[in-house]
Amino acid sequence: MARRPSLLSRLFPFVFGLLVGAGTLYFFMPGPGASVGKPVQGQPVAKAGQPAPAAQPQGATLATVRERGYVQCGVSTGLPGFSNPDDKGVWTGIDVDFCKAVAAAVFGDETKVKYRPLNAKDRFTALQSGEVDVLSRNTTWTMSRDTSLGFNFAGVIYYDGQGFMVKKASGITSAAQLNGATICTQTGTTTELNLADYFRGQNMTYKVLPFEKNEEALSAYDSGRCDAYTTDASGLHAQKLILKNPVEHMVLPEVISKEPLGPLVRQGDPQWEDIVRWTLFALIDAEELGVTSTNVNQMKASPSPEVRRMLGTEGDFGQALGLSKNWAVDAIGAVGNYGEMFERNVGVKTPLGIPRGLNALWRNGGLMYAPPIR
Amino acid sequence: MAGGKQATAKRAMRWSWNDPHLRALIWQIGALAIVVVTLWYLAATAHENLSRQHIATGFGFLQNTAGFGIVQSLIPYSEEASYGRAFLVGLCNTLLVAALGTVLAVALGFVVGIARLSSNWLVAKLAAAYVETLRNIPLLLQLFFWYFAILQPLPSPRESLTLLPGVFLSNRGIVMPGIGLTGTSLAFFATLIVAVLAALYIARRARARLLATGQRFPAVIVNTVIIIGLPALVWLVGGAPFTLQHAEMGKFDFTGGWRLLPEFLALLLGLTLYTAAFIAEIVRAGIQSVGHGQTEAAHALGLSNGQTLRLVVIPQALRVIIPPLTSQILNLTKNSSLAVAIGYPDLVSVFAGTVLNQTGQAIEVIAITMGVYLVISLATSFAMNLYNARVAIVER
């Protein structure tokens, strides 16, 4: 005479699951219900109509970084010239050099940095959640990333643009001939959007095949699943090198978008943002002023007031950032000025062989222009 | 419970800690309160942190223009469509591969599971080798194998293999002629549905008559004639409304026709073969749980091997098979989220991938995605439980 459980008790797990799900969804709905948070211990309640409580107190990130003893830097999973580990796990690249420069500015020691390789897809969540202090991962500065994602970009470290790579045997010499093509790319980047914009604008059709990892997208292109591969032009030059037979491929001349790549930080800690921004500016200013990794210590005695201010001989600009007087000396001593970083990692003498182009200093016809340190 | 009726009869609950009913009630309320407060605390903390970091919240983004392309969509979709639409496209793609995968995996699983018990040495060993190989290699590796090792090295569209006239296999997938639909073809599909319903009714009546009177009715033959004949008649009368649209070679690839993407094929193959290995073991266990005496008794009654399996063993084995089978179906659905690794645009790839990245609203997007998988799983589980209740031993 086993009693059958009542309908209610059999349905309970389903009903409970749905209720919990619906409740969670409701909580994040915009509207009056959203901001009624229970007072959380030690934290003020945000009441509707009042300004949100001040963001992290000034210098929270710097204090955390100092306490931890190293800078946690988000980089790519492997893009030659930008951030790439070698077979011994040593990271190199222009983005990696920037991480080192920040560590040098903060600690006076460029080795006090740890790299966190991130997919295009995971990088923003990692920065938002505080897993990394700075994201230096060939990331395009766009409005939505700057605003609704809750980030601030420190500046531009590389002016790039999106291009296409095709097999030479296909006979294609221009992006305008790509009507109907299947195109491989990495998911979670601006490239998917630019691609859609470009083909819509040209009134052409296409099929896009987005992969989670660059290696898989590239492998699919290499094996002929796609007719073209698209990413930033610098990335095309870099990734061409890891294809089975690089000489069989060519980068098309068209650049279909603006991709200003730069380091970014969480919004809400102006001091940390300033540190990252002015480290970048100091590296660019150093090139303009002729300060290099080899002469930085002699240049401290330079008669030029601009150089003396940057290198801490006159004034104390480091203090304004919460850093030591030698912040810029340490950063430049560690990785050299912007020109040195560029030539060492992506310049014409490297396998990538990219000329300075847009990334030359402003007085040499490029776009690299940093505000003065004064 | 006959003797204890008076003892457990309803009596007024005493407001005392010594009353076990009241105690139990208080414990339960307390436990529920802890769960609710914990959830509330987590949600409140997340909300605080989001607003502190100036990250946009809410579900308004679902109406914004998506602006990216999706390679396979079952519903109309273009770059101008909204994120909400892109969500539906991803959901349909997930449901498609999960539904097809479930049907194929269950069918293959039953065949392999029965084959493992075959008295034919070769068949039994092949089935065992299949099960032991496939279920012991991680699914992600199998997907990579099918996609990068089997489907990618196929020839390019221009040198594609011709499977059947008009059906081509290349590294762009399988291309076949599409069927163009016209007005009268609607009548064809309506007739097809009517024919299937009629066939189901005839099968039921034939079985009822067999049980009641012992008379056989050739339902299988009659139904085959109905299902094929009726729509064919309408098709001829309607003036053969179908036109085959053959795929043609374009500049890069075939255009027109219907196409199965290699990403889809690799995912379907991987999910089906992997899950079928587990289902085969479940089926084997279920069949072995039915006592051998049953088989001997059925043989003694003069039933053939096939009849014994179909009428005696399987109905009893199903009681053991259904609950773990439900778990495998749920696993298959959830495993389909590995699609992102090989570029198939499923829900996780489209919504929790591209959309999340472009809106940055991780909590909302992940909450929706988790909610969707929860609903799919609970619905599947509910349906399977209903079926289980039907095949379970009915006590009289």
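About the thresholds
- Residues numbered from 1 in each chain as written.
- Chains lettered and ligands numbered in written order.
- Predicted model: local features only at pLDDT ≥ 70, side-chain atom pairs only at ≥ 80, totals over all residues.
- Helix = DSSP H or I, 4+ residues; strand = E, 2+ residues; numbered from the N terminus.
- Rg over C-alpha atoms; globule rule 2.2 N^0.38 Å.
- Buried ≥ 20, exposed ≤ 12 C-beta atoms within 10 Å, placed from the backbone.
- Contact = placed C-beta atoms within 7 Å.
- Core = buried A, V, L, I, M, F, W, Y, C linked by C-beta atoms within 7 Å.
- Expected span 1.5 Å × (residues − 1).
- pLDDT = per-residue confidence, 0-100.
- Pairing = 2+ DSSP bridges.
- Axes fitted to C-alpha atoms, helices over the stretch in contact; angles between N-to-C directions.
- Domains from an automatic or database assignment.
- Nonpolar A, V, L, I, M, F, W, Y, C, P; charged D, E, K, R; others polar.
- Parallel < 35°, antiparallel > 145°, perpendicular 65-115°, else oblique.
- Left-handed = near helix turned anticlockwise from the far one by under 90°.

A.B. asks: Got a sec to walk through the overall build of chain B? Specific residues and values, please.
C.D. replies: Counting its regular elements, chain B contains 12 helices and 8 strands. A globule of 396 residues ought to have a C-alpha radius of gyration of about 21 Å, yet chain B, at 28 Å, is considerably larger. The dimensions of chain B, computed from C-alpha atoms along their principal axes, are 85 × 75 × 45 Å. Here chain B holds 396 residues, and the buried ones make up 30% of them.

A.B. asks: So, the overall build of chain A: which residues are in play, and what are the values?
C.D. replies: From N to C terminus, chain A includes 14 helices and 14 strands. Classification of the 374 residues of chain A by burial places 46% in the buried group. Sequence-distant contacts in chain A: of pairs separated by 6 or more residues, those separated by 24 or more amount to 70%.

A.B. asks: So, the nonpolar core: which residues are in play, and what are the values?
C.D. replies: Grouped together as the largest cluster of nonpolar side chains are 69 residues, with contacts concentrated most on C99(A), V102(A), L283(A) and A331(A). Dropping the residues within four chain positions of it, A331(A) is found in contact with A101(A), A104(A), A105(A), T279(A), A282(A) and L283(A). Judged by nonpolar contacts, the second largest core, of 58 residues, contains V97(B), Y147(B), I342(B) and V355(B).

A.B. asks: Help me get a handle on helix α2 (residues 20-52) of chain B, residues and values and all.
C.D. replies: Residues and elements named next belong to chain B. The first and last C-alpha atoms of α2 sit 48 Å apart over 33 residues, in line with the 48 Å expected at 1.5 Å per residue. Burial analysis of α2 places just 1 of its 33 residues in the buried class, which makes it a mostly uncovered element. The positive-phi residue at the C-terminal boundary of α2 is H54, with phi of around 60°.

A.B. asks: Which residues make up the confidence of the model for chain A, and what are the values?
C.D. replies: Any region with low pLDDT has predicted coordinates that should not be read closely. Looking at chain A as a whole, its pLDDT mean stands at 86, while 84% of the residues score no less than 70. Low pLDDT, under 50, characterises residues 30-55 of chain A; the stretch is placed with 34 contacts to residues that sit more than four places away or in other chains.

A.B. asks: Quick one: what's the story with unusual backbone geometry, residue by residue and with numbers?
C.D. replies: All names here are of chain A. Not every positive phi belongs to a glycine, and N138 is a case in point at roughly 25°. With a phi angle near 60°, N203 is a residue other than glycine that sits in the positive phi range. Along the polypeptide, N203 turns up in the loop between α6 (190-201) and β10 (206-211). Given 7 C-beta atoms within a 10 Å radius, N203 is considered exposed.

A.B. asks: Explain the sheet that holds strand β3 (residues 173-176) of chain B to me, and be specific about the residues and the numbers.
C.D. replies: Residues and elements named next belong to chain B. As summarised here, the arrangement of the 4 strands in space is β1-β2-β3-β8, forming an open sheet in which the pairing is antiparallel. Looking at the sheet topology across the chains shown, the edges are occupied by β1 (161-164) and β8 (258-260). Here the average twist between neighbouring strands, direction ignored, is 25°. With 3 bridges connecting them, strand β2 (residues 167-170) and β3 associate as antiparallel partners. Bridge assignment links S170 to a residue of β3, and that residue is G173.

A.B. asks: Let's hear about the domain arrangement of chain A: which residues, and what values?
C.D. replies: Residues and elements named next belong to chain A. What the domain assignment lists for chain A is domain 1 (60-159 + 261-364) and domain 2 (162-257). One C-alpha centre belongs to domain 1, the other to domain 2; they are set 29 Å apart. Facing 14 residues of domain 1, the contacting portion of domain 2 comprises 13 residues. Of the residues assigned to the side of domain 1 that touches domain 2, the class counts are 8 nonpolar, 5 polar and 1 charged.

A.B. asks: Any chance you could break down the interface of chain B and chain A for me, citing the residues and the numbers?
C.D. replies: The interface is formed by 50 residues belonging to chain B together with 51 residues belonging to chain A. Those elements that place two or more of their residues in the side of chain B that touches chain A are α2, α11 (347-359) and α12 (362-391) of chain B. When residues in the side of chain B that touches chain A are grouped by element, the largest group, 10 residues, is from α2(B). Residue composition of the side of chain B that touches chain A, by class: 22 nonpolar, 22 polar and 6 charged.

A.B. asks: Residues and numbers for the pairing of β1(B), please.
C.D. replies: Looking along a regular strand, one sees side chains alternate from face to face of the sheet. Residue and element names in this part refer to chain B. Pairing analysis gives 3 bridges linking β1 to β2, with the strands arranged antiparallel. Paired with L164 across the strands is V167, a residue of β2. Between β1 and β2, which follow one another and run antiparallel, lie 2 residues, and G166 among them has a positive phi close to 85°.

A.B. asks: Pulling in residues and values, what's your account of the packing of helix α9 (residues 292-300) of chain B against helix α10 (residues 305-335) of chain B?
C.D. replies: All names here are of chain B. Where α9 contacts α10, the axes come no closer than 10 Å and their chain directions differ by 130°. Between α9 and α10, the interaxial angle falls into the category oblique. Relative to α10, the crossing made by α9 is right-handed. Contact with α9, carried on its side by Q294, T295, A298 and H299, involves T308, V312 and V313 of α10 and no other residues of that element. Residue composition of the contact of α9 with α10, grouped by class: 3 nonpolar, 4 polar and no charged.

A.B. asks: Which residues make up the confidence of the model for chain B, and what values do they have?
C.D. replies: All names here are of chain B. Put simply, chain B has an average pLDDT of 87, and 93% of its residues get 70 or more. Mean pLDDT per element in chain B: helix α1 (residues 5-8) is the minimum at 48, and helix α4 (residues 121-134) is the maximum at 96. Per-residue pLDDT stays below 50 along residues 1-7; that stretch engages in 0 contacts with residues further than four places along the chain or on separate chains. Confidence metrics for the complex model read pTM 0.77 and ipTM 0.73.

A.B. asks: Run through the packing of helix α9 (residues 270-289) of chain A against helix α14 (residues 338-345) of chain A, naming residues and quoting values.
C.D. replies: When two helices pack together, their arrangement is captured by the angle between the axes and the distance separating the axes. All names here are of chain A. At their nearest, the axes of α9 and α14 sit 6 Å apart, and the two run at 95° to each other. Of the possible angle classes, the one that applies to α9 and α14 is roughly perpendicular. Contact residues: α9 offers L283, I284 and E287, while α14 offers Y338, G339 and M341. Per-class residue counts for the contact of α9 with α14 are 4 nonpolar, 1 polar and 1 charged.

A.B. asks: Residue-level account of the environment of I193(B), with values.
C.D. replies: Along the chain, the position of I193(B) falls in helix α6 (residues 185-213). Overall, I193(B) belongs to the exposed group, with 10 C-beta atoms counted inside 10 Å.

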